[in-house]
Amino acid sequence: MGVKLFVKNKKDYWEFIRQLRNMDGVRQGFIQQEYIEPDNHKIYMKKYGHLYYICTVNGAPAGYVGVADRDIRVATHPDFQGQGVGSFMIENIMKLEPQAYAKVKMGNEASLKLFEKCGFTKQYYILEKNNET
C-alpha cells in the first residue's frame, strides 16, 4: 500500500466522485441508487462539495468521504478496496465530525463490516413500507 493522504475536496475531484458513485457495484450499496448526471452533480458539488474529502494513494484518488446532515457518505474505488482506504477515511472524518453516523443499506455487508471495524455499533432499524406490487 502506498502513501495515503486525506485531502479536502476541490473541483478537480468532482468528476472522480461522480464516476465512482455511479460505478456498478458501488452505486448499489447506496440507499439512493439513481445514476447521477453531470449537470446535477455539478449543482450538488457547488452546494455540498465543501463537506467532502478525498483519500489519495500515491497521489491518485482512491475514495471519498463526506458528512451531510450528520450522515456519512463514503465510497472506495474497487482498485483500492481491502487496502485500508475506507477505514482511513472513516477515522479521519470522525476527527472532524465526531457526531456523524452511518446509515447502511440492508445487505451492504462491506459497508457494515467497515463501520463496525471503525467502532460503530448498530443502534436502530429504520423500516419503510414497500409500495411495490
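Each remark here, short or long, concerns the structure printed above.
What you see is a predicted model; the values in this text were computed from it and never measured.

Enquirer: What is the right way to read the state of the cysteines from this model?
Expert: Here, disulfide denotes a covalent bond that connects the sulfur atoms of two cysteines. Evaluated as defined, the whole model comprises zero disulfides. Note on Cys-55: no disulfide assigned, nearest cysteine sulfur contributed by Cys-118 at a separation of 12 Å.

Enquirer: Would you mind going over the environment of Tyr-53 with me for this structure?
Expert: Of note, Tyr-53 is situated in strand β2 (residues 52-57). Tyr-53 gets classed as buried once you look at its relative accessible area, which sits at 16%. Spatially, the C-alpha atom of Tyr-53 lies 8.2 Å from that of Met-89, the residues being 36 residues apart in sequence. A polar contact of 3.4 Å, which involves the side chain of Tyr-53, links it to the side chain of Lys-8.

Enquirer: Any chance you could explain the sheet that holds strand β3 (residues 60-68) here in plain terms?
Expert: Note: strands within a sheet are paired through backbone hydrogen bonds, in either parallel or antiparallel orientation. A sheet is described by the order of its strands in space; here four strands give the open sequence β1-β2-β3-β4, paired in antiparallel fashion. Only two strands of the sheet have a single partner each, and these edge strands are β1 (4-8) and β4 (71-76). When strand polarity is set aside, the average angle formed by the axes of neighbouring strands in this sheet is 20°. Across six bridges, β3 lies against β4 in antiparallel orientation. Its bridge partner being in β4, Gly-63 is matched across the sheet by Thr-76.

Enquirer: I would appreciate a short explanation of the packing of helix α3 (residues 85-96) against helix α4 (residues 109-117) in the present structure.
Expert: Working note: a packed helix pair is described by the angle between its axes plus the distance between those axes. In the contact formed by α3 and α4, the axes pass within 10 Å of each other and the chain directions differ by 50°. On the basis of the axis angle, α3 is oblique to α4. Two packed elements cross with a definite hand, and for α3 against α4 that hand is right-handed. On α4, the residues that touch Gly-86, Ser-87 and Ile-90 of α3 are Leu-114, Phe-115 and Lys-117. Looking at the contact of α3 with α4 residue by residue, the classes come out as three nonpolar, two polar and one charged.

About the cut-offs
- Residues numbered from 1 in each chain as written.
- Predicted model: local features only at pLDDT ≥ 70, side-chain atom pairs only at ≥ 80, totals over all residues.
- Heavy atoms only, no water.
- Disulfide = S-S within 2.5 Å.
- Helix = DSSP H or I, 4+ residues; strand = E, 2+ residues; numbered from the N terminus.
- Buried < 20%, exposed > 50% of the residue type's maximum accessible area, 1.4 Å probe, protein only.
- Polar contact = N/O pair within 3.5 Å; in protein donor to acceptor, adjacent residues only side chain to side chain.
- Pairing = 2+ DSSP bridges.
- Axes fitted to C-alpha atoms, helices over the stretch in contact; angles between N-to-C directions.
- Parallel < 35°, antiparallel > 145°, perpendicular 65-115°, else oblique.
- Left-handed = near helix turned anticlockwise from the far one by under 90°.
- Contact = heavy atoms within 4.5 Å.
- Nonpolar A, V, L, I, M, F, W, Y, C, P; charged D, E, K, R; others polar.

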